[in-house]
Protein chains: 4
Amino acid sequence: MPDRASVKEALRAQRIETPSWGYANSGTRFKVFAQPGVPRTPQEKIADAATVHRFTGVAPSVALHIPWDAVEDYAALTRHAADLGVEIGAINTNVFQDPDYKLGSVTNPDPGIRRKATDHLLDAVAIMDATGSRDLKLWFSDGLNYPGQDDLRARQDRLAAALREAYDRLGGHQRMLLEYKLFEPAFYATDVPDWGTAYAHCVELGERAAVCIDTGHHAPGTNIEFIVAFLLRQGRLGAFDFNSRFYADDDLMVGAADPFQLFRIMHEIVGAGALDPARGINFMLDQCHNIEAKIPAVIRSVMNVQEATAKALLVERDALAAAQRAGDVLEANAVLMDAYNTDVRPLLAELRADSGLDPDPVAAYRRSGYQQAIEAERVGGEQAGWGA
Amino acid sequence: MPDRASVKEALRAQRIETPSWGYANSGTRFKVFAQPGVPRTPQEKIADAATVHRFTGVAPSVALHIPWDAVEDYAALTRHAADLGVEIGAINTNVFQDPDYKLGSVTNPDPGIRRKATDHLLDAVAIMDATGSRDLKLWFSDGLNYPGQDDLRARQDRLAAALREAYDRLGGHQRMLLEYKLFEPAFYATDVPDWGTAYAHCVELGERAAVCIDTGHHAPGTNIEFIVAFLLRQGRLGAFDFNSRFYADDDLMVGAADPFQLFRIMHEIVGAGALDPARGINFMLDQCHNIEAKIPAVIRSVMNVQEATAKALLVERDALAAAQRAGDVLEANAVLMDAYNTDVRPLLAELRADSGLDPDPVAAYRRSGYQQAIEAERVGGEQAGWGA
Amino acid sequence: MPDRASVKEALRAQRIETPSWGYANSGTRFKVFAQPGVPRTPQEKIADAATVHRFTGVAPSVALHIPWDAVEDYAALTRHAADLGVEIGAINTNVFQDPDYKLGSVTNPDPGIRRKATDHLLDAVAIMDATGSRDLKLWFSDGLNYPGQDDLRARQDRLAAALREAYDRLGGHQRMLLEYKLFEPAFYATDVPDWGTAYAHCVELGERAAVCIDTGHHAPGTNIEFIVAFLLRQGRLGAFDFNSRFYADDDLMVGAADPFQLFRIMHEIVGAGALDPARGINFMLDQCHNIEAKIPAVIRSVMNVQEATAKALLVERDALAAAQRAGDVLEANAVLMDAYNTDVRPLLAELRADSGLDPDPVAAYRRSGYQQAIEAERVGGEQAGWGA
Amino acid sequence: MPDRASVKEALRAQRIETPSWGYANSGTRFKVFAQPGVPRTPQEKIADAATVHRFTGVAPSVALHIPWDAVEDYAALTRHAADLGVEIGAINTNVFQDPDYKLGSVTNPDPGIRRKATDHLLDAVAIMDATGSRDLKLWFSDGLNYPGQDDLRARQDRLAAALREAYDRLGGHQRMLLEYKLFEPAFYATDVPDWGTAYAHCVELGERAAVCIDTGHHAPGTNIEFIVAFLLRQGRLGAFDFNSRFYADDDLMVGAADPFQLFRIMHEIVGAGALDPARGINFMLDQCHNIEAKIPAVIRSVMNVQEATAKALLVERDALAAAQRAGDVLEANAVLMDAYNTDVRPLLAELRADSGLDPDPVAAYRRSGYQQAIEAERVGGEQAGWGA
């Protein structure tokens, strides 16, 4: 049976990165419902992320999205974060909102637009240099809405060229994370639609390119933990964008739609020893809190990842391996389910208390007065959003 | 073999309604790419719809969306349409964009918000009275993003109550069309998610309630023509919202993603004699032309429906029935495919020429100068969109 | 907070029916892997079902499948069951394995074949009369593999006629359960593909016709608990065929693929007071244990339903309703998740101990020697299977 | 505009391989409906394949499936084929029907079973040596039904080891084709579930390993032509298993479910110059004619591929490229649709007549008396099937 002390040690070392845009307004094409207290600046987003870290203890970095989080002085922004107790995490590029990108960014048939988009990627590396960020995270909305609209193979060549430029610009300590997505906003064909495409490009680029798995970006029926296991085996799992979904890319709180799936994913991570921050996998959230209160939703999401991780750490791996070797399907499944069915909330409450945190972070946040304060202070100006 | 004259007669009688919002800007949650020449007013949208009718000859009505198309004087708007040669079609309600509707409209737990939403439905009937519109089309975005968020059964009771009020407000010549949708913008549960739910409510309401099938609102693998056939049998097929999709509710041009599916749908319509406008089925488009030119996209969509219809009319129904009776699977399928594989474009070109139309509506539109004119004239003001 | 005593009382009253064919060999079109000890006769299947009841205490009836379980003397079979402590449950018809049914049974274009199939349904009611069974469960594999193969509407008329005959044959205490399925073995169109179709036929038939929900028979993304809630509201939920699936109709152990979904289903059941056996909902398993040991798999499945039910009973419904009324999305979801995250295994162990059962039914079965006994005894003869 | 002569030349050079098992009985787990005249031996299957070639002129090879087509003397079988005018195509291995393979073949936790399965792969290469076959086609049903059942990563290591052995056994003119499949018969996790997994293994193996795309083996919403284009770009597209599907792996006649998709696939093939047999892509059928007459179904399938190819050859590629460069979404789509909407049946009829074939192969087959002859002759013995 897993040693309780080592389980707690692993949980204490866990790191989850929250996204600046998760604190901003978001919605669907039908409506963005604004919420009171939403940040108006990157600095305020970082303050919210720091608040999540203050109550959870495991969220010490915040991912930025450029140009949503563009500022004049990135060194100052980095110091602002440090003052609040967090670091700047992955730098996310955005080449999907300029009017020029209507038919694509780095895969656009127009070389001038490709140049502009590629330059944006290079600029993002400069921001990494300024902020000390390790990860360049690339998601491209590029694709086609209609058959025939453009040449599928030619677009791959253009994509490869842009990725090469950006990769070669990276410093030795920096990495490229390439994200894939089945569809949306492109409806017929997406230029990086699946892990296989991202993986093949990463292999061609070099050792510091790795795949980012967004848990909401797959076709129905896709076994995500298989992809996790396969990329771990190939040494190309770079990061997660955690969220959950029932249908498409719903961007709900991770663990809200299928907590058993999240557990199975973390079971692969733990089994491969990849939970250890030294292994370099960036466990990020990528969520949209369209109708629920944002900061407590992020806190809850962090807790959901912790709970799935705790359960994965509790799997009796020797018993599991023995049942697997014996071909005892029911027993092997039962060993896994025993861990999943365990209520790990007391263990996590204890872990938090050990670290001087409130055992119930959501309740503590609600009591803290932070929400009331930001609702009172953040009046006037323009609330942050996607600017779609 | 189907008589060519009667095929042409049926095609000449066909009516396809276009949506005012299809001429406006639209997009995804990531970006709305504005286009030059887009209408700024309901009057300009109607002018665009009239232009589509002028080049196709089969699109003599335009659906409105309230409040996007709200005006002071509906009688004047109706005359404006008549002056341009078109009629006002279905009145679409919108109870998803007011901040009050964040957690639902007619199914909201708050009775005050339900009252407000229901009143909007009643107001829409008043607009029908003023415009002579026959169809009240109801789509509700109501639903839940998270399990537990609200009570699924209670929401059905609230829905039924609102539908009852609206139904009872209808005049004797007016109808209610109830649309369903699997998901989006609600991500966990939608209050009218499938045809069965819409059908059950319609039966409870009365004879003048019927189901509207949006071809993009189904789960993967759903056989839409089965639903068409079943609702025809039950006498509850009221309308189509035509569009096409590869993944979710992509709202692409009808016939663009799976033209064979569109043919199969029209095959059921023709087989049941339901193409005849006297049968009362409203064949509407509901599309978003996010990246393609809007007016020619609508023209092309109308033509796609015509082509599918022409093929359906060409099915040799006696031979088909004989093969079906004989249990000859291959021959029955071959009879259907023979019609589908026929190139009906010459027949439709001839039909247009017979009616004094250009045989190639898209080319005629492009030559007409209309696009250049609206791009020059429609400068200043605010382009119409969804206002999300 | 729910009263522990009343939770236990509800769990003690729970009834789960197991299927005779779940104890037989099964597999895929690629291979049926036979297992030692599999029953050769209906009597032996009933003995296995009785064994499951002996260890779980909540599975006192067994569903039969005709002709797989056809015997000369049904009264004797009923006594055999009673002697072993179980009852005969639902009678399942089979009109998909006779060569005549290649192109359909009750919807076949050939009236002679329809007659034969309908007679089989009537014969099944006679078996119900002989066994005291209440439920006639109908699943039709009828459908089309190719577009055009037959007329979709005509098949509905034929279906309605056969259902009418069978319904009218029922005694006053008997019911018809109509099951639906998206696809398989028909690949293009299935004659009863969704709950809406089953529901519409049930309403036409009369009050004693109700829908059976097989949890594996839906399109990807379908919200099953919504269907449960809706049919409960309409008074037409007759039964479940429980199992679980990742992709298609996988027929895995219920609760194995998505235990949170099973909990949400039971939450709707409990919320509507429909767990009570007096409400008449038949909670059946319908599973295929292709590679795992059959009897312990059924035991485990029964336990999975119990665990999901226990969690549903633990939902703090007052707190849930309060959060829902307040529009507090996160809190409402949290109340539901609190119940789901509870480890109910100790409660169920206690419940079993209270009833004189072993708290760990799988372990108790393995220790009991039953498996070794049937492997030794059931040698020779032909093992039961699907006979495909 | 494409030159008619060169279009015909390309069509004349086209080669489609038919599968021996397509002529045998097949079905679902529910029922295999036997058909009169079905072959009882590999020799009779080859005779049927030769008949398809005789009427279509483009199907000069037949794939074998071992052990279904195992014979004592492969040289004799090869001569038998040659005498009938066809060649032996790909050799398909079968490591899913022996009782030992219940929990996997090359990925089984038991090393003895892995040895046995790997030896079967090596034996298949020996059959290739004897028959002159170029392609070793590997499909593994290996996978898991339940979470925890086995270790996902360990299974990949075992898979890689077996593939390596088989690859190293190949002669210099021989190739390995690795097929992937989302699910079935494994329901939770499949060891080669997607093209990315197959591709990664092929790259590790060496230049003569390539991916086989079965058009029915994808998750809903997967863009298959993207995979075609991507693998062509990477030089790793080895073969197709053509068929069509509405839901899962339905194995219906290619082109029957979504003829537009088939056209889009062939458009990528033609655009990359990969139709030319010298490019080495093996265009195979992999179908099950469960309820339709088998030989005419295969003929029809071959014709469907021809028709899709002819349409793809008719795409005005210069106009398409110009529209794509101009960013004219509607025009680019229209150019593609113009080719798709063309009725190419007259062109293909002419092509057949040029080659001395009957322009209507299905009618010619039906008139030929072959079916009546085999139904009369093939009496007694055991009809070929899957032996599941």
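Not measured: the values here are computed from a predicted model.

**Section: the overall build of chain A**
For step 1, the next point in the chain: Within chain A one finds 14 helices and 10 strands.
For step 2, the next point in the chain: Relative to the compact-globule value of 21 Å for 388 residues, chain A shows a C-alpha radius of gyration of 21 Å, a close match.
For step 3, the next point in the chain: Principal-axis analysis of the C-alpha atoms gives chain A an extent of 60 × 55 × 40 Å.
For step 4, the next point in the chain: Relative to its 388 residues, chain A shows a buried fraction of 69%.
For step 5, the next point in the chain: For chain A, the proportion of contacts with a sequence separation of at least 24, taken over those separated by at least 6, is 78%.
For step 6, the next point in the chain: Just so you have it, chain A exposes about 11,800 Å², and 51% of that area is on carbon and sulfur atoms.
For step 7, the next point in the chain: For chain A, the distance from the average site of its 39 positive side-chain charges to the average site of its 54 negative ones is 1 Å.

**Comments concerning the packing of helix H1 (residues 4-13) of chain D against helix H9 (residues 294-313) of chain D**
All names here are of chain D.
For step 1, the next point in the chain: Contact geometry of H1 with H9 gives a least axis separation of 10 Å together with a crossing angle of 145 degrees. The two elements H1 and H9 cross, and the hand of that crossing is right-handed. Residues Val-7, Ala-10 and Leu-11 of H1 form the contact with H9, whose participating residues are Gln-306, Thr-309, Ala-310 and Leu-313.
For step 2, the next point in the chain: A per-class count over the contact of H1 with H9 returns 5 nonpolar, 2 polar and no charged.

**Here we look at the environment of Thr118(D)**
Residues and elements named next belong to chain D.
For step 1, the next point in the chain: Relative to the elements of secondary structure, Thr-118 occurs in helix H4 (residues 111-131).
For step 2, the next point in the chain: Considering only alpha carbons, one finds Thr-118 and Glu-165, 47 residues apart in sequence, at a separation of 7.6 Å.
For step 3, the next point in the chain: With sequence-adjacent residues up to four places away left out, Thr-118 is seen in contact with Val-106, Ala-162 and Glu-165.

**Some details on helix H3 (residues 74-84) of chain A**
All names here are of chain A.
For step 1, the next point in the chain: Buried within H3 are the following residues: Tyr-74, Leu-77 and Ala-81. Projected down its long axis, H3 carries its buried residues within an arc of 55 degrees, all on one side.
For step 2, the next point in the chain: Elements that come into contact with the buried residues of H3 comprise helix H2 (42-56), strand E2 (61-66), strand E3 (87-93) and helix H4 (111-131).
For step 3, the next point in the chain: Remark: Gly-85 follows H3 within two positions and exhibits a positive phi of approximately 95 degrees.

**Details of the packing of helix H9 (residues 294-313) of chain C against helix H12 (residues 345-354) of chain C**
All names here are of chain C.
For step 1, the next point in the chain: For the pair H9 and H12, the least separation of the axes is 10 Å and the interaxial angle reads 115 degrees. For the element pair H9 / H12, the angle class is roughly perpendicular. Both H9 and H12 take part in a crossing whose hand is right-handed. When H9 is examined against H12, the residues Met-303, Gln-306, Glu-307 and Ala-310 are found in contact with a partner set consisting of Arg-345, Leu-347, Leu-348 and Arg-352.

**Structural notes on the relation of the copies chain C and chain B**
Both copies of the chain are placed relative to one another by a rotation about an axis and a shift along it.
For step 1, the next point in the chain: If you rotate chain C by 180 degrees and push it 0.0 Å along the axis, it lands on chain B with an RMSD of 0.0 Å. Both chain copies can therefore be described as sitting about a two-fold axis. Closest to the rotation axis within chain C is the C-alpha of Gly196(C), separated from it by 2.0 Å.
For step 2, the next point in the chain: By residue overlap, the copies meet face to face through one surface: 98% of the interface positions of chain C are interface positions in chain B.

**A word on the interface of chain D and chain C**
For step 1, the next point in the chain: Tallying the contact residues gives 43 residues for chain D and 43 residues for chain C.
For step 2, the next point in the chain: Between chain D and chain C lies a buried interface of about 4,200 Å² when both sides are counted; carbon and sulfur atoms form 65% of it.
For step 3, the next point in the chain: Among the residues of chain D in contact with chain C, Arg29(D), Phe30(D) and Tyr146(D) are the three that bury the most area, contributing 22% of the side total.
For step 4, the next point in the chain: Connecting chain D to chain C are 6 salt bridges.
For step 5, the next point in the chain: A salt bridge links Glu184(D) to Arg29(C); its shortest N-O distance comes to 3.0 Å.
For step 6, the next point in the chain: Remark: the boundary between chain D and chain C carries 16 residue pairs in polar contact (both at pLDDT 80 or more).
For step 7, the next point in the chain: Broken down by class, the residue content of the side of chain D that touches chain C amounts to 26 nonpolar, 7 polar and 10 charged.

**Considerations on unusual backbone geometry**
Peptide bonds are trans in most cases, and residues, glycine excluded, mostly fall at negative phi.
Residue and element names in this part refer to chain A.
For step 1, the next point in the chain: Omega for the bond connecting Ile-66 with Pro-67 falls within 30 degrees of zero, at 15 degrees, which places this linkage in the cis form.
For step 2, the next point in the chain: Relative to the helices and strands, Pro-67 resides in the loop between E2 and H3.
For step 3, the next point in the chain: Of note, Asp-251 is a non-glycine position whose phi angle comes to about 55 degrees, a positive value.
For step 4, the next point in the chain: Here Asp-251 lies in the loop between strand E9 (237-242) and helix H8 (259-271).
For step 5, the next point in the chain: For Asp-251, a relative accessible area of 3% puts it in the buried group.

**A few points about the interface of chain C and chain B**
One widely used convention gives an interface's size as the accessible area the parts lose upon coming together.
For step 1, the next point in the chain: Each side of the interface is counted separately: chain C has 52 residues, and chain B has 51 residues.
For step 2, the next point in the chain: In this assembly, chain C packs against chain B so that about 4,100 Å² is buried in total across both faces, 62% of it on carbon and sulfur atoms.
For step 3, the next point in the chain: On the chain C side of the contact with chain B, Arg153(C), Phe226(C) and Arg233(C) bury the most area, a combined 17% of that side's loss.
For step 4, the next point in the chain: One can count 2 salt bridges joining chain C with chain B.
For step 5, the next point in the chain: Counting the contacts that link chain C with chain B gives 16 residue pairs in polar contact (both at pLDDT 80 or more).

**Some remarks on the nonpolar core**
For step 1, the next point in the chain: Of all hydrophobic cores here, the largest spans 516 residues; its most connected members are Ile269(A), Ile269(B), Ile269(C) and Ile269(D).
For step 2, the next point in the chain: Broken down by element, this core gets its largest block of residues, 12 residues, from helix H9 (residues 294-314) of chain B.
For step 3, the next point in the chain: Ignoring anything within four residues of it in the chain, the contact list for Ile269(B) reads Val228(B), Leu232(B), Leu237(B), Phe240(B), Ala274(B), Leu275(B), Ile281(B) and Phe283(B).

**Thoughts on the relation of the copies chain D and chain C**
For step 1, the next point in the chain: With an RMSD of 0.0 Å, the operation that places chain D on chain C is a rotation of 180 degrees combined with a shift of 0.0 Å along the axis.
For step 2, the next point in the chain: Of the residues that chain D buries at the interface, 100% are likewise interface residues in chain C, meaning the two copies contact each other through the same surface.

**Brief notes about the pattern of salt bridges**
Oppositely charged side chains are able to pair whenever their charged atoms sit close together.
For step 1, the next point in the chain: Tallied over the entire structure, the rule returns 128 salt bridges over all chains.
For step 2, the next point in the chain: Notably, a salt bridge pairs Arg115(A) with Asp119(A), separated by 2.8 Å at the nearest N-O pair. Highlighted residues: Arg115(A) and Asp119(A), both in helix H4, separated by 4 residues, approximately one helical turn.
For step 3, the next point in the chain: Residue Arg115(A) is classed as partly exposed on the basis of its relative accessible area, which comes to 36%.
For step 4, the next point in the chain: A salt bridge links Arg378(D) to Asp48(D), with the nearest nitrogen and oxygen atoms 2.8 Å apart. Of this pair, Arg378(D) sits in the segment after helix H14 (370-377) while Asp48(D) sits in helix H2 (residues 42-56), and the two are 330 residues apart along the sequence.
For step 5, the next point in the chain: For Arg378(D), a relative accessible area of 8% corresponds to the buried category.
For step 6, the next point in the chain: Residues joined in a network through salt bridges with shared partners are Arg29(A), Lys181(B), Glu184(B), Asp249(B) and Asp251(B).

**Thoughts on the UniProt feature "domain: Xylose isomerase-like TIM barrel" (unreviewed entry) in chain A**
For step 1, the next point in the chain: Feature annotation in UniProt places "domain: Xylose isomerase-like TIM barrel" (unreviewed entry) on residues 72-251 of chain A, given in this structure's numbering.
For step 2, the next point in the chain: Strand forms 18% of residues 72-251 of chain A and helix 40%; the C-alpha atoms that close the span are 30 Å apart.

**Considering the side chain of Ser105(C)**
For step 1, the next point in the chain: Relative to the assigned elements, Ser105(C) resides in the loop between strand E3 (87-93) and helix H4 (111-131).
For step 2, the next point in the chain: In contact with Ser105(C), not counting residues within four places along its chain, are Val95(C), Ile113(C), Arg114(C), Ala117(C), Phe140(C) and Asp142(C).

**What about the packing of aromatic side chains?**
For step 1, the next point in the chain: Evaluated as defined, the whole model comprises 84 aromatic pairs over all chains.
For step 2, the next point in the chain: Judged by centre distance (5.9 Å) and plane angle (90 degrees), the rings of Phe55(A) and Tyr365(A) are edge-to-face. With a gap of 310 residues between them, Phe55(A) in helix H2 and Tyr365(A) in helix H13 (residues 361-368) connect regions that are remote in the sequence.
For step 3, the next point in the chain: A relative accessible area of 2% means that Tyr365(A) is categorised as buried.
For step 4, the next point in the chain: An aromatic cluster is defined as three or more aromatic residues linked by ring pairs; in this entry it consists of Phe30(A), Trp68(B), Phe96(B), Trp139(B) and Trp386(B).
For step 5, the next point in the chain: When the ring centre of Tyr101(B) is taken as reference, the NZ or CZ atom of Lys116(B) above it lies at 5.8 Å.

Conventions used here
Residues numbered from 1 in each chain as written. Chains lettered and ligands numbered in written order. Predicted model: local features only at pLDDT ≥ 70, side-chain atom pairs only at ≥ 80, totals over all residues. Heavy atoms only, no water. Helix = DSSP H or I, 4+ residues; strand = E, 2+ residues; numbered from the N terminus. Rg over C-alpha atoms; globule rule 2.2 N^0.38 Å. Buried < 20%, exposed > 50% of the residue type's maximum accessible area, 1.4 Å probe, protein only. Contact = heavy atoms within 4.5 Å. Areas by Shrake-Rupley, 256 points an atom, 1.4 Å probe, with all protein chains shown as cover. Lys, Arg positive; Asp, Glu negative; His and termini not counted. Charge placed at Lys NZ, Arg CZ, Asp CG, Glu CD. Axes fitted to C-alpha atoms, helices over the stretch in contact; angles between N-to-C directions. Left-handed = near helix turned anticlockwise from the far one by under 90°. Nonpolar A, V, L, I, M, F, W, Y, C, P; charged D, E, K, R; others polar. Arc of directions from axis to C-beta. Parallel < 35°, antiparallel > 145°, perpendicular 65-115°, else oblique. Least-squares fit on C-alpha atoms with pLDDT ≥ 70 in both. Buried area = accessible area lost by both parts, 1.4 Å probe. Salt bridge = Lys/Arg side-chain N within 4 Å of Asp/Glu carboxyl O. Polar contact = N/O pair within 3.5 Å; in protein donor to acceptor, adjacent residues only side chain to side chain. Core = buried A, V, L, I, M, F, W, Y, C linked by side-chain atoms within 4.5 Å. UniProt positions renumbered as here; feature names shortened; annotations may be inferred. Phe/Tyr/Trp six-rings, centres within 6.5 Å; stacked < 30°, edge-to-face > 60°. Lys NZ or Arg CZ within 6 Å of the ring centre and 35° of its normal.

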